[in-house]
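Coordinate inspection notes
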Amino acid sequence: SQQGEEDPQALSIQEGENATMNCSYKTSINNLQWYRQNSGRGLVHLILIRSNEREKHSGRLRVTLDTSKKSSSLLITASRAADTASYFCATIGGGGTSYGKLTFGQGTILTVHP
Amino acid sequence: GAGVSQSPRYKVAKRGQDVALRCDPISGHVSLFWYQQALGQGPEFLTYFQNEAQLDKSGLPSDRFFAERPEGSVSTLKIQRTQQEDSAVYLCASSYGSGSAGGELFFGEGSRLTVL
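Here the structure is a predicted model, which is why all the values come from computation and not from measurement. (Residues numbered from 1 in each chain as written. Chains lettered and ligands numbered in written order. Predicted model: local features only at pLDDT ≥ 70, side-chain atom pairs only at ≥ 80, totals over all residues. Heavy atoms only, no water.)

So, the packing of aromatic side chains
If you walk through the whole model with that rule in mind, you get 10 aromatic pairs over all chains. Judged by centre distance (5.7 Å) and plane angle (80 degrees), the rings of tyrosine 35 of chain A and phenylalanine 107 of chain B are edge-to-face. Residue tyrosine 35 of chain A is found in strand E4 (residues 29-37), and its partner phenylalanine 107 of chain B is found in strand E10 (residues 106-107); the two belong to separate chains. Assessed through its relative accessible area of 0%, tyrosine 35 of chain A is described here as buried. The exposure class assigned to phenylalanine 107 of chain B is buried, which follows from its relative accessible area of 10%. An aromatic cluster is built from Tyr35, Phe88 and Phe104 of chain A together with Phe33, Tyr35, Phe45, Tyr48 and Phe107 of chain B, whose rings are joined through pairwise contacts. In this structure, lysine 101 of chain A packs its charged tip against the face of phenylalanine 45 of chain B, placed 4.3 Å from the ring centre. (Phe/Tyr/Trp six-rings, centres within 6.5 Å; stacked < 30°, edge-to-face > 60°. Helix = DSSP H or I, 4+ residues; strand = E, 2+ residues; numbered from the N terminus. Buried < 20%, exposed > 50% of the residue type's maximum accessible area, 1.4 Å probe, protein only. Lys NZ or Arg CZ within 6 Å of the ring centre and 35° of its normal.)

Here you go:
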């Protein structure tokens, strides 16, 4: 079963605009990761944020984590047409998970128009 | 190779046929995962191997699904007597470690199974 929900399900923007995607989850976590998937391809890891971190940056990506609200957001700044893809959040559960099993959300489909 | 390799990329099977999907993880990666991804959905966990040991198979949908990794490297996911609901993309992922802290998973391109 899916860990949580992503919002919005689809997002359409113009090149140069910022894109924000949100993710909510249900159980305690060890860390939360964001992945990108181009159509018909595998998933590519973007960024990982640990449960004791609140914000993390990587290039044009900014991730926030609010464990009290069990939510995270991914911000892509100055978007490009090449950012068009599906974006998934995934969590690794806290409380005794013995290995790095990821549980994925439903994903957000981002379309960036040139 | 440099990445996770899966074969075949596309498989069409008639209902009732058996299929085998292969995953060649990144060399030296201890952990190997299989996920199933239905159209328009996120990946759903199927099973996990730590080296050759299958430590979690809680996500396998039925006893028609079987996975193995006999020498701790290449893994095969086998589906017996395929049904239409088995149509999906099957993703393999590997990672170097096996600890609870978790880390980045490296995914293959997937095997798209269509059952007619």
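Some points on the state of the cysteines
By the definition in use, this model includes 2 disulfides over all chains. Bridging cysteine 23 of chain A to cysteine 89 of chain A, the disulfide has an S-S length of 1.9 Å. Residues cysteine 23 of chain A and cysteine 89 of chain A are joined by a disulfide whose S-S torsion is about 70 degrees; by sign, that bridge is right-handed. Within this pair, whereas cysteine 23 of chain A is found in strand E3 (residues 19-24), its partner cysteine 89 of chain A is found in strand E9 (residues 85-93), the two being separated by 66 residues in sequence. Across this residue pair, the class does not change: cysteine 23 of chain A and cysteine 89 of chain A are buried. The partner cysteine of cysteine 23 of chain B in its disulfide is cysteine 92 of chain B, sulfur to sulfur 1.9 Å. Its torsion about the S-S bond being -65 degrees, the disulfide of cysteine 23 of chain B and cysteine 92 of chain B is classed as left-handed. Linking cysteine 23 of chain B in strand E3 (residues 19-24) with cysteine 92 of chain B in strand E9 (residues 88-95), this pair joins segments that are 69 residues apart in sequence. (Disulfide = S-S within 2.5 Å.)

Structural notes on the layout of surface pockets
As a volume, the largest pocket reaches approximately 510 Å³. Lining the largest pocket are 28 residues; nearest its centre among them are Gln37 of chain A together with Gln37, Ala38, Leu39 and Gly40 of chain B. For the lining of the largest pocket, the secondary structure elements donating two or more residues are E9 and strand E11 (108-113) of chain A together with E9 and strand E11 (111-115) of chain B. Per-element tally for the lining of the largest pocket: the top contributor is E11 of chain B, with 4 residues. Partitioned by chemical class, the residues of the lining of the largest pocket number 8 nonpolar, 16 polar and 4 charged. (1 Å grid on protein atoms, 1.4 Å probe; cavity = no way out; pocket = protein on both sides within 12 Å on 5 of 7 lines; lining within 4 Å. Points joined across faces, edges and corners; volume = space filled by probe spheres on them. Nonpolar A, V, L, I, M, F, W, Y, C, P; charged D, E, K, R; others polar.)

Topic: the interface of chain B and chain A
Between chain B and chain A, the residue contacts involve 25 residues of the former and 25 residues of the latter. Counting the surface lost from both chain B and chain A, the interface buries some 1900 Å², and carbon and sulfur atoms represent 46% of this. At the junction of chain B with chain A, the criterion picks out 1 salt bridge. The salt bridge partner of arginine 41 of chain A is glutamate 109 of chain B, with a shortest N-O separation of 2.5 Å. Counting the contacts that link chain B with chain A gives 7 residue pairs in polar contact (both at pLDDT 80 or more). (Contact = heavy atoms within 4.5 Å. Buried area = accessible area lost by both parts, 1.4 Å probe. Salt bridge = Lys/Arg side-chain N within 4 Å of Asp/Glu carboxyl O. Polar contact = N/O pair within 3.5 Å; in protein donor to acceptor, adjacent residues only side chain to side chain.)

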